[in-house]
Amino acid sequence: MIAPVRRVFWWLVLAGGVLAVLAVLWQAFSIAAYVRGAGDGALDAHGLGSLFVHIGQLAIVIGAIVVFWRNWVGVGTAIGFLVLSVAQLAFLGDTEEEGGWVNGLHGFLALVVLLAGLAYAQRAARELGLRGGSRLT
């Protein structure tokens, strides 16, 4: 059985992962709509989606550091996810500038954030016994 404190933080990782995945998908939809002429409302929706992505990322990082404490590879991976999250933001270049290829890295890293969030959510679901039983007894 998972210790009650660790269980709470596994739920935090699960919630953060699900939130990050859904929010990245929302951002992809809203930015595509904006590019296709949906107007400033779509751009505002994209910006709002980023708030939810960041909340999900923060939940993953905090939860993962707690549940992986003393497992330094797991802690390092959580910190690496935080670095990835910051890098993804840093690659948002000047969107008004023609040929702003750096924006491509922003979008690409959003996909990496989505996949990492999904992986964290799946791991948390397994550890909580929601998928295939808990590995921690």
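Residues numbered from 1 in each chain as written. Predicted model: local features only at pLDDT ≥ 70, side-chain atom pairs only at ≥ 80, totals over all residues. Heavy atoms only, no water.

1. Some points on the packing of helix H1 (residues 4–35) against helix H2 (residues 40–67)
Here is step 1: Between H1 and H2, the least distance of the axes is 7 Å, while the angle of their chain directions is 160°. In terms of their interaxial angle, H1 and H2 are classed as roughly antiparallel. Classified by chirality, the crossing of H2 by H1 is left-handed.
Here is step 2: For the contact of H1 with H2, the residue count by class is 24 nonpolar, nine polar and two charged. (Axes fitted to C-alpha atoms, helices over the stretch in contact; angles between N-to-C directions. Helix = DSSP H or I, 4+ residues; strand = E, 2+ residues; numbered from the N terminus. Parallel < 35°, antiparallel > 145°, perpendicular 65-115°, else oblique. Left-handed = near helix turned anticlockwise from the far one by under 90°. Nonpolar A, V, L, I, M, F, W, Y, C, P; charged D, E, K, R; others polar.)

2. Observations regarding the side chain of Gln27
Here is step 1: Tracing the backbone shows Gln27 in helix H1.
Here is step 2: Owing to a relative accessible area of 12%, Gln27 belongs among the buried residues under this scheme.
Here is step 3: Apart from the residues lying within four places of it in its own chain, the contact partners of Gln27 are His46, Gly49, Ser50 and Val53. (Buried < 20%, exposed > 50% of the residue type's maximum accessible area, 1.4 Å probe, protein only. Contact = heavy atoms within 4.5 Å.)

3. Examining the nonpolar core
Here is step 1: Within the largest apolar cluster, 27 residues are counted, with the highest numbers of intra-cluster contacts made by Trp10, Phe68, Phe81 and Tyr120.
Here is step 2: Only H1, H2, helix H3 (72–90) and helix H4 (102–127) provide two or more residues apiece to this core.
Here is step 3: In terms of residue count, H4 provides more of this core than any other element does, nine residues in total.
Here is step 4: Beyond its immediate stretch of four places on either side in the chain, Phe81 contacts Gln57, Ile60, Val61, Val113, Ala116, Gly117 and Tyr120. (Core = buried A, V, L, I, M, F, W, Y, C linked by side-chain atoms within 4.5 Å.)

4. Let's talk about a nonpolar patch on the surface
Here is step 1: Taken together, Leu12, Leu58, Ile62 and Val66 make up a surface patch of nonpolar side chains, about 290 Å² in accessible area.
Here is step 2: Looking at the nonpolar patch element by element, the count peaks at three residues for H2.
Here is step 3: With respect to the helices and strands, Leu58 occurs in helix H2. (Patch = residues over 30% accessible without salt bridge, like charges linked within 9 Å, V, L, I, M, F, W, Y side chains within 5 Å. Areas by Shrake-Rupley, 256 points an atom, 1.4 Å probe, with all protein chains shown as cover. Salt bridge = Lys/Arg side-chain N within 4 Å of Asp/Glu carboxyl O.)

5. Thoughts on the packing of aromatic side chains
Here is step 1: Under the counting rule described, the total for this entry stands at four aromatic pairs.
Here is step 2: Centre to centre, the rings of Trp69 and Trp72 are 4.8 Å apart; their planes meet at 80°, and the pair counts as edge-to-face. This pair shows no difference in class: Trp69 is exposed, exactly as Trp72 is. (Phe/Tyr/Trp six-rings, centres within 6.5 Å; stacked < 30°, edge-to-face > 60°.)

6. A look at the environment of Val75
Here is step 1: With respect to the helices and strands, Val75 occurs in helix H3.
Here is step 2: Sequence-distant contacts of Val75, defined by excluding residues within four places in its chain, comprise Ile65, Phe68 and Trp69.

7. Overview of a negative patch on the surface
Here is step 1: A cluster of acidic side chains, namely Asp94, Glu96, Glu97 and Glu98, defines a negative patch on the protein surface.
Here is step 2: You can see Glu97 is positioned in the loop between H3 and H4.
Here is step 3: Its relative accessible area of 49% is what places Glu97 among the partly exposed residues. (Lys, Arg positive; Asp, Glu negative; His and termini not counted. Charge placed at Lys NZ, Arg CZ, Asp CG, Glu CD.)

8. Comments concerning the environment of Ile65
Here is step 1: Tracing the sequence through the fold places Ile65 in helix H2.
Here is step 2: Here Ile65 falls in the partly exposed class, since its relative accessible area comes to 25%.
Here is step 3: Sequence-wise, Ile65 and Leu25 are 40 residues apart; in three dimensions their C-alpha atoms are separated by 25 Å.

9. Thoughts on the pattern of salt bridges
Here is step 1: For the structure on display, the rule yields one salt bridge.
Here is step 2: Residues Arg123 and Glu127 are paired through a salt bridge, measuring 2.8 Å at the closest nitrogen-oxygen approach. With a gap of four residues between them, Arg123 and Glu127 both fall in helix H4, about one helical turn apart.

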